[in-house]
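# Structural overview for review
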Amino acid sequence: MSLAIFDQYESEVRGYVRSFPTMFEKSKGAEIWDVDGKRYVDFFAGAGALNYGHNNDVVNEAVIKYLQNNGIGHALDMATVAKHDFIETFVNNILKPRNLDYKLQFVGPTGTNAVETALKIARKVKKRTQVISFTNGFHGMSMGSLSITGNRYYHDENYGVPAYTTQVPFHNYLGAEVNTIAYLRKILEDDSSGTELPAAIVLETIQAEGGINVAGNEWLKELRQICDDFDILMIVDDIQTGNGRSGDFFSFERAGVQPDIVTLSKSIGAGHPMSLVLLKPELDKWSPGEHSGTFRGNNLAFVASEAAISRYWSDSKFSEDVKRKSALVEKKMRELGDKYSEQISDVRGYGMIWGIEFKDPEVTSTICSTAFDNGLVIETAGSESQVIKFLGPLVITDELIEEGFEILDRAIEESIK
């Protein structure tokens, strides 16, 4: 079975099949097999959509049972048993233990829909058009989301990307010695800065596609204070680094801040398409049907997510295990940084998302390609794809972490000769 049919009939826009040129057939946990039976360790997790791993038994059993009982599949935003159970489980296991008070808005089916929704309600509530986002941020591929994405690669006048957005420096973007929060406060205070008061400030607390840039806890607290001082909504895009990726369910928990709006997707559906906006109750100013979407009620995703949350977030054991494995991943990353210090300029990350930045961006694609040939699925990040990113499933075993890093180590060694 060849890839010729994809070359012949699928659009040139296809991307990952070029990076991983094989036909995958089966998967389990943090392992994937192609049609020839070759096995791969997964350090990619569907770009963060598979935090609970491939074909998770708990999730699969719940979905299979639901289908066998002729459960509702598609229902727009009607009331269903699956949605009821998901809401109840999410509120009791995620929101209430963290003292978070949010309304749930189901949008869909993918992350950019959540971001678009957050921007729309923020502008509606605050009656302002301007939005501030950050350098190296990535928020999706539809027009509103593109307008707050930092990478110039995604900006094209043919897309019709709207105005009314301003990018400002992220934490440490100008170096550790420059206080970017002070800069942000100054341009908001100064009527001559040319920056209008925004409806919202949008950020990832850990920038993933932007190169694994981690906002410090104090920086996040100061940003929250700016939002309070200027009556600006704080929107956290937790699509890739939420759902346990940081070790806590939400990536902002470590800083003790509470956003006004949170966007979730990817692993919130436990492998099924789902996108969710959390918003403080006082911001829920929608009229019935004012914002809709055909697939905003994916009941299979509700079933899958309810099963995953019940299994992994009913107590602290899973979170503790993720944090333990995070320390192992950090250790392995830093060992590579030390071993190849002449080629690597930085090692950074948090929780179960880490990156190693290479001085020569051109070598990273060779390393990832070589690693793939040797049985490891891993990708790059950053404005020049200069960062190799660990994003394995949260359920990955220690043994597979060790094996994957051995493959990556050999790939680096072979590629820099």
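Residues numbered from 1 in each chain as written. Predicted model: local features only at pLDDT ≥ 70, side-chain atom pairs only at ≥ 80, totals over all residues. Heavy atoms only, no water.

## What to know about the overall build of the protein
Counting secondary structure elements, the protein contains 13 helices and 17 strands. Computed over C-alpha atoms, the radius of gyration of the protein comes to 21 Å, within 12% of the 22 Å expected from 2.2 N^0.38 for 417 residues, which places it in the range of a compact globule. Projected onto the principal axes, the alpha-carbon positions of the protein cover approximately 60 × 55 × 45 Å. Buried residues in the protein amount to 53% of all 417 residues. Expressed as a percentage of contacts within the protein between residues at least 6 apart in sequence, the contacts between residues at least 24 apart total 73%. When the accessible surface of the protein is totalled, it reaches about 18,600 Å², and 49% of it is carbon and sulfur. Here the protein carries 42 positive and 60 negative side-chain charges, and the mean point of each set is 4 Å from the other. (Helix = DSSP H or I, 4+ residues; strand = E, 2+ residues; numbered from the N terminus. Rg over C-alpha atoms; globule rule 2.2 N^0.38 Å. Buried < 20%, exposed > 50% of the residue type's maximum accessible area, 1.4 Å probe, protein only. Contact = heavy atoms within 4.5 Å. Areas by Shrake-Rupley, 256 points an atom, 1.4 Å probe, with all protein chains shown as cover. Lys, Arg positive; Asp, Glu negative; His and termini not counted. Charge placed at Lys NZ, Arg CZ, Asp CG, Glu CD.)

## Considerations on the nonpolar core
Membership of the largest hydrophobic core comes to 86 residues, with the highest contact counts inside it found for F90, F250, L278, I356 and L408. Look past the residues within four positions of L278 in its chain and what remains in contact with it is F90, L95, Y102, K103, L104, F250, D260, I261, V262 and L264. If you look at the next biggest cluster of nonpolar residues, it comprises 19 residues, including A118, A122, V202 and I235. (Core = buried A, V, L, I, M, F, W, Y, C linked by side-chain atoms within 4.5 Å.)

## Brief notes about the packing of helix α5 (residues 81-95) against helix α10 (residues 299-312)
Closest axis-to-axis distance for the α5/α10 pair is 8 Å, and the angle between their directions is 30°. When the axis of α5 is compared with that of α10, the two are roughly parallel. α10 is crossed by α5, and the crossing has left-handed handedness. Touching A82, K83, D85, F86, T89, F90, N93 and I94 of α5 are N299, F302, V303, S305, E306, I309 and S310, all from α10. (Axes fitted to C-alpha atoms, helices over the stretch in contact; angles between N-to-C directions. Parallel < 35°, antiparallel > 145°, perpendicular 65-115°, else oblique. Left-handed = near helix turned anticlockwise from the far one by under 90°.)

## Observations concerning empty space enclosed by the protein
Going through the model one piece at a time under the given rule, you end up with 1 cavity of 30 Å³ or more. Put simply, the largest cavity is a space of about 30 Å³. Looking at side-chain class alone, the lining of the largest cavity contains 6 nonpolar, 3 polar and 1 charged residues. (1 Å grid on protein atoms, 1.4 Å probe; cavity = no way out; pocket = protein on both sides within 12 Å on 5 of 7 lines; lining within 4 Å. Points joined across faces, edges and corners; volume = space filled by probe spheres on them. Nonpolar A, V, L, I, M, F, W, Y, C, P; charged D, E, K, R; others polar.)

## What to know about the pattern of salt bridges
Per the stated rule, a full pass over the model turns up 30 salt bridges. A salt bridge links R39 to E403, with the nearest nitrogen and oxygen atoms 2.8 Å apart. Of this pair, R39 sits in strand β3 (residues 39-42) while E403 is found in helix α13 (residues 398-415), placing the two residues 364 residues apart along the sequence. We classify R39 as partly exposed; its relative accessible area is 29%. With a closest N to O distance of 2.7 Å, K103 and D284 form a salt bridge. Taken together, the positions of K103 in strand β4 (residues 103-107) and D284 in the loop between β12 (275-279) and α10 put the pair 181 residues apart, joining distant regions of the chain. Using a relative accessible area of 37% as the deciding quantity, one classes K103 as partly exposed. On the basis of relative accessible area, D284 is assigned to the partly exposed category, the value being 29%. If you follow the salt bridges from partner to partner, you end up with D7, E12, R14 and R18 in one network. (Salt bridge = Lys/Arg side-chain N within 4 Å of Asp/Glu carboxyl O.)

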